[in-house]
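Architecture at a glance
As a plain string of letters, each chain reads:
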Amino acid sequence: DEIILKMDIEGSEYEVLHKMIDDGTIKFIDKLYIEFHWRKVGLTLDDHKFLIERLGDIEINEWDAIKW
């Protein structure tokens with residue numbers, strides 16, 4: 001099986017993904033399609049990069065809904 005998660009939750013992705021990492025549920029996700037909103041919620045680029053590092057080997061596909 002392959003589990004793909006698509007996420008566009010206007011800044012809440014940081015809280016949700018950190019929780020999934022902390023409780024281990026992130027291990028079920030193979031691919032992540034996501035629109036990040038780190039600027040919108042006042043995070044620094046370092047905060048954003050920290051989350052990316054914590055996601056490890058998950059395939060991350062960033063997208064921008066405005067372009068679609």
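What you are looking at is a predicted structure, and each value in this text was computed from that prediction instead of being measured. (Residues numbered from 1 in each chain as written. Predicted model: local features only at pLDDT ≥ 70, side-chain atom pairs only at ≥ 80, totals over all residues. Heavy atoms only, no water.)

**A few points about the packing of helix α1 (residues 13–23) against helix α2 (residues 45–54)**
Packing of α1 against α2 leaves a shortest axis separation of 10 Å and a crossing angle of 35 degrees. The two elements α1 and α2 cross, and the hand of that crossing is left-handed. Within the contact between the two elements, α1 uses Y14, L17, H18, I21 and D22 and α2 uses H48, F50, L51 and R54. Of the residues contributing to the contact of α1 with α2, the split by class is five nonpolar, two polar and two charged. (Axes fitted to C-alpha atoms, helices over the stretch in contact; angles between N-to-C directions. Helix = DSSP H or I, 4+ residues; strand = E, 2+ residues; numbered from the N terminus. Left-handed = near helix turned anticlockwise from the far one by under 90°. Contact = heavy atoms within 4.5 Å. Nonpolar A, V, L, I, M, F, W, Y, C, P; charged D, E, K, R; others polar.)

**What to know about the nonpolar core**
Where a protein is soluble and globular, its nonpolar side chains tend to be buried together. With 14 residues, the main nonpolar core has L17, I26, L32, F36, L51 and L55 as its most contacted residues. It is α1 that contributes the most residues to this core, four residues altogether. (Core = buried A, V, L, I, M, F, W, Y, C linked by side-chain atoms within 4.5 Å. Buried < 20%, exposed > 50% of the residue type's maximum accessible area, 1.4 Å probe, protein only.)

**Section: unusual backbone geometry**
For E10, which is not glycine, the phi dihedral falls at a positive 50 degrees. Relative to the assigned elements, E10 resides in the loop between β1 (4–7) and α1. With relative accessibility at 39%, the residue E10 sits in the partly exposed group.

**Digging into the environment of K27**
Relative to the helices and strands, K27 is located in the loop between α1 and β2 (31–34). With a relative accessible area of 63%, K27 lands in the exposed category. Separated by 31 residues in the primary sequence, K27 and I58 place their C-alpha atoms 8.5 Å from one another.

**What about the pattern of salt bridges?**
All chains considered together, the criterion is met by four salt bridges. E2 is the salt-bridge partner of K31, the closest N and O atoms lying 3.6 Å from each other. Taken as a pair, K31 in strand β2 and E2 in the segment before β1 lie far apart in primary sequence, 29 residues in all. (Salt bridge = Lys/Arg side-chain N within 4 Å of Asp/Glu carboxyl O.)

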